[in-house]
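# Secondary and tertiary structure notes
One-letter residues, chain by chain:
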Amino acid sequence: MPTTLITGGTVVSSTGRGPADVLIDGETIVAVLTPGSTLLGHDLAASVDSVIDATGKYVIPGGIDAHTHMQLPFGGTSASDTFETGTRAAAWGGTTTIVDFAVQRQGERVEDGLAAWHALAAGECAVDYGFHQIIGGVDEHSLAALPTLIDEGITSFKMFMAYPGVFYADDAQILKAMQVSADTGLLTMMHAENGPVIDVLAEQLVKAGNTDPFFHGKARVWQAEEEATHRAIMLSNITGAPLYVVHVSAKQAVEQLAWARDKGQNVFGETCPQYLYLSLEEHLGAKSEEWGSFEGAKYVCSTPLRSRAEGHQDHMWQALRTNDLQMVSTDHCPFCMKDQKELGRGDFRAIPNGIGSVEHRLDLMYQGVVTGEITLERWVELTSTTPARMFGMYGKKGVIAPGADADVVIYDPNGHTSIGYEKTHHMNMDHSAWEGFEIDGHVDTVLSRGKVIVDDGAYLGRKGDGRFVKRGLSQYLI
Ligand code: DUC
Ligand code: ZN
Ligand code: ZN
C-alpha cells in the first residue's frame, strides 16, 4: 500500500488546532504525529512513498455534504448534475463524501427506488457517497420497507410537508412513519413547509398577475415554515422519533428548533449557504440585461431565500454559533436557466426548485471564518464532523485520526478563490448562483481515501473512485 506523509500543516478538528504530521497507509490514516517525528530512529519523510508539504496551510477532514440531489427528477425535468459531474465538482471544492436522496414516489416500492439510485451512482462517482431515502408515498408497503433500509446502510429518510400531490405526506402519514423511526432509530428528515397553504397563496399571486420568480419567495411565507417546523416537532414529541429538519431558512423556524432542543428533544436542523448569503430582495428579486426580471429564477429554491430586512440571514449565522443549527449542507439541486428554469417563465410555480452549490460549500463557509461569523474549529464541525456524526459515519469520516479514511483537504488560508461561471466552475450548469463571490482561502489539495484527486488546480481522480458508504445509526442523538 502506498504511504503518504502530510507535513508542516496545522491540523484542525472540531475541538482544536495544532501543528501535526499525518501519516497515511493506503486508504487509511494511521498516525497523527508531532512534527518531525521519527519511526524507530528513521526519518519518516524519507521512508514514505510521497510527502505532501502543507506548510502554512490547514489540514482538515474532507467535507461531507449530507444533502445533494444528483439527477433528481423535478418539475418535468431533472437536476442537471449527474453523479459523475456533481461528485467531481464536489471534489474540486474539498467535499469528499456526499449523501444523496434516493427517491420513492407514491405507488412505487422503496426497494425499486433505492435500486434505481444505486444504478445511477454505481461506478460514476468521484468521491464516496451514501443515500438517504425519500418516502414520497407513505403507505403500508413503504412503512414496512423502512426498517429494512438499515441493513442497506441507509439510516435516514425524508418526508415532505410541502408539495401536495407530489411528495406530500399528511400528519397521519408522518405520525405513522415517525413511529417506525422511533422504534428503529432511523432518523426522520423533514421538509418543513405547509404545502397546502403555500399552494393557495401561490395560486392567488399568479391569478393576480404576479408571476415573476420574486413571488416564489412571497408565496412561501416564513409562517408556513415556522408552523410546519412546530408541527413536525410535536409529532416527533408524540412518537419519540429523532427529527432532522432540512434546509432551514426562517429565523422563526430556528426558534422552534431551539425551543424543542432546550426541552431535551432529539431535534436537529441544517441550513445551507444560500440562506446565509443570499436574499429575497437582492437575488430572487434580481433583474439583468440577459434575463430581465426572470434573473431571479437562478435563485428559486425551497425553502425560499428570505428577506434580509427581516434578519433571517444574521439569525442563521447566530444559530450556527450557538448550535441551534448543527450543520451546513448545500441542498445541491442544480438546473440550467436554458430549457430548465425557463420552464417557469410566466408562472414561477413551474420553475424547478434548486441551486447548485456542492462545489463551493467549504469555501463559502470558510469565508464565515474570515469575517468572524464562526471559528475555524466550528467550520470543520459544521461541514464535516457533525455531518459524519449525524448520519452515522463518524470514525471513518469527519475526523483526522488513526483508523479514519484518509479523506483530507489541504486548505490555504493565504490563497484566494474567485467564484464565477467562467473561472472556477465545474458543476453542470449554465450559470453560477455564486457569481462574483470572493473567498479569502483556497482548496489546494484533496485526498479521497489516500488518493490525491485534486492538486494545484488539476483534477487527478477518475469516475468510479467513489464508493458507496453504508452508514450506521446517528451518533449525534442525546
Ligand atoms: N427540497 C429539497 O430538499 N431539495 C429540492 C427541492 C425541495 O423542495
Ligand atoms: Zn426539501
Ligand atoms: Zn433537498
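A quick note: this is a predicted structure, and the numbers were derived from the prediction, not measured. (Residues numbered from 1 in each chain as written. Chains lettered and ligands numbered in written order. Predicted model: local features only at pLDDT ≥ 70, side-chain atom pairs only at ≥ 80, totals over all residues. Heavy atoms only, no water.)

Another point: the packing of aromatic side chains. Tallying each qualifying case throughout the model produces 21 aromatic pairs. Centroid distance tryptophan 291 to phenylalanine 294: 6.4 Å. Interplanar angle 50°. Geometry classified as tilted. As far as the burial class goes, tryptophan 291 and phenylalanine 294 line up, both buried. Among the aromatic residues, ring-to-ring pairing joins Phe74, Phe160, Tyr163, Phe167 and Phe335 into one connected group. Sitting over the ring of phenylalanine 101, lysine 158 keeps its end group 5.5 Å from the ring centre. (Phe/Tyr/Trp six-rings, centres within 6.5 Å; stacked < 30°, edge-to-face > 60°. Buried < 20%, exposed > 50% of the residue type's maximum accessible area, 1.4 Å probe, protein only. Lys NZ or Arg CZ within 6 Å of the ring centre and 35° of its normal.)

For the rest of this paragraph, the subject is the site of ligand 1. Around ligand 1 sit His67, His69, Phe74, Lys158, Tyr163, His191, His247, Ser302, Asp331 and Cys333, and that is every residue in its neighbourhood. Taking histidine 67, its side chain carries an N or O atom lying 3.0 Å from an oxygen atom of ligand 1. Look at ligand 1: alone it shows 230 Å² of surface, and the protein chains cover 98% of it. Residue composition of the shell around ligand 1, grouped by class: three nonpolar, five polar and two charged. (Near = heavy atom within 4 Å. Polar contact = N/O pair within 3.5 Å; in protein donor to acceptor, adjacent residues only side chain to side chain. Areas by Shrake-Rupley, 256 points an atom, 1.4 Å probe, with all protein chains shown as cover. Nonpolar A, V, L, I, M, F, W, Y, C, P; charged D, E, K, R; others polar.)

The subject of this paragraph is helix H12 (residues 312-322). His312, Gln313, His315, Met316, Trp317, Ala319 and Leu320 are the residues of H12 that are buried. Of the residues one or two after H12, asparagine 323 is the one with positive phi, at around 70°. (Helix = DSSP H or I, 4+ residues; strand = E, 2+ residues; numbered from the N terminus.)

Cis geometry marks the peptide bond from serine 302 to threonine 303; its omega dihedral reads 0°. When you line up the elements, threonine 303 lands in the loop between helix H11 (280-284) and H12. A positive phi angle is found at histidine 247, which is not glycine, with a value near 35°. By secondary structure assignment, the location of histidine 247 is in the loop between strand S17 (243-245) and helix H9 (251-262). The exposure class assigned to histidine 247 is buried, which follows from its relative accessible area of 1%. Unlike most non-glycine residues, asparagine 323 shows phi in positive territory, near 70°. Its location among the elements puts asparagine 323 in the loop between H12 and strand S19 (327-328).

Bringing the pairing of strand S10 (residues 63-68) into the picture now. Among the six residues of S10, six are classified as buried, and the element is accordingly described as predominantly covered. With four bridges connecting them, S10 and strand S13 (residues 95-104) associate as parallel partners. Note on S13: the bridge partner recorded for isoleucine 64 is threonine 97. (Pairing = 2+ DSSP bridges.)

Surrounding the zinc ion (ligand 3) are the protein donor atoms His67 (NE2), His69 (NE2) and Asp331 (OD), which sit 1.9 to 2.1 Å from the metal. Overall, the relative accessible area of 0% leaves histidine 67 in the buried class. Classification of histidine 69 as buried rests on a relative accessible area of 4%. (Donors = N, O, S within 2.8 Å, 3.2 Å for Na, K, Ca; no water.)

What follows concerns the UniProt feature "modified residue: N6-carboxylysine" (unreviewed entry) in the protein. When the UniProt feature table is mapped to this numbering, "modified residue: N6-carboxylysine" (unreviewed entry) covers Lys158. Examined against the element boundaries, lysine 158 turns out to sit in strand S15 (residues 156-160). Residue classification places lysine 158 among the buried positions, given a relative accessible area of 3%. Discounting chain neighbours no more than four positions away, the residues touching lysine 158 are His67, Phe101, Gln133, Ile134, Ile135, Met189, His191, Val246 and His247. (UniProt positions renumbered as here; feature names shortened; annotations may be inferred. Contact = heavy atoms within 4.5 Å.)

Before going further, it helps to spend a moment on the state of the cysteines. Taken as a whole and assessed by the stated rule, the structure comprises zero disulfides. Not engaged in a disulfide, the cysteine cysteine 125 finds its nearest cysteine sulfur in cysteine 333; these two sulfurs lie 16 Å apart. The thiol sulfur of cysteine 301 is not disulfide-bonded, and the nearest other cysteine sulfur, from cysteine 272, lies at 7.8 Å. A residue is classified by how much of its surface remains accessible, and cysteine 301, at 3% relative accessible area, is buried. (Disulfide = S-S within 2.5 Å.)

This part is about the domain arrangement of the protein. Considered domain by domain, the protein is made up of domain 1 (3-60 + 397-459) and domain 2 (62-390). Computed over C-alpha atoms, the centres of domain 1 and domain 2 are 28 Å apart. Contacts between the two partners involve 43 residues from domain 1 and, on the opposite side, 49 residues from domain 2. Both sides of the domain 1 and domain 2 interface together cover about 3900 Å² of buried area, and 63% of this is carbon and sulfur. (Domains from an automatic or database assignment. Buried area = accessible area lost by both parts, 1.4 Å probe.)

Turning our eyes to something else, we now look at the coordination of the zinc ion (ligand 2). Donor atoms from the polypeptide that coordinate the zinc ion (ligand 2) comprise Lys158 (NZ), His191 (ND1) and His247 (NE2), at 2.1 to 2.3 Å from the metal. Each donor residue of the zinc ion (ligand 2) belongs to the same chain, with the gaps between them written as K-x32-H-x55-H.

Turning our attention to the pattern of salt bridges. Enumeration over the complete set of coordinates arrives at 26 salt bridges. Between glutamate 225 and arginine 306 there is a salt bridge, with the nearest N and O atoms lying 2.7 Å from each other. Remark: arginine 306 occurs in the loop between H11 and H12 and glutamate 225 occurs in helix H8 (residues 222-239); sequence separation between them is 81 residues. An identical accessibility class is assigned to glutamate 225 and arginine 306; each is buried. (Salt bridge = Lys/Arg side-chain N within 4 Å of Asp/Glu carboxyl O.)

Taking the numbering used here, the UniProt-annotated feature "domain: Amidohydrolase-related" (unreviewed entry) corresponds to residues 58-195 and 307-452. Summarising residues 58-195: 31% helix, 30% strand, and an end-to-end C-alpha distance of 43 Å. Helix makes up 25% of residues 307-452 and strand 14%, with an end-to-end C-alpha separation of 41 Å.

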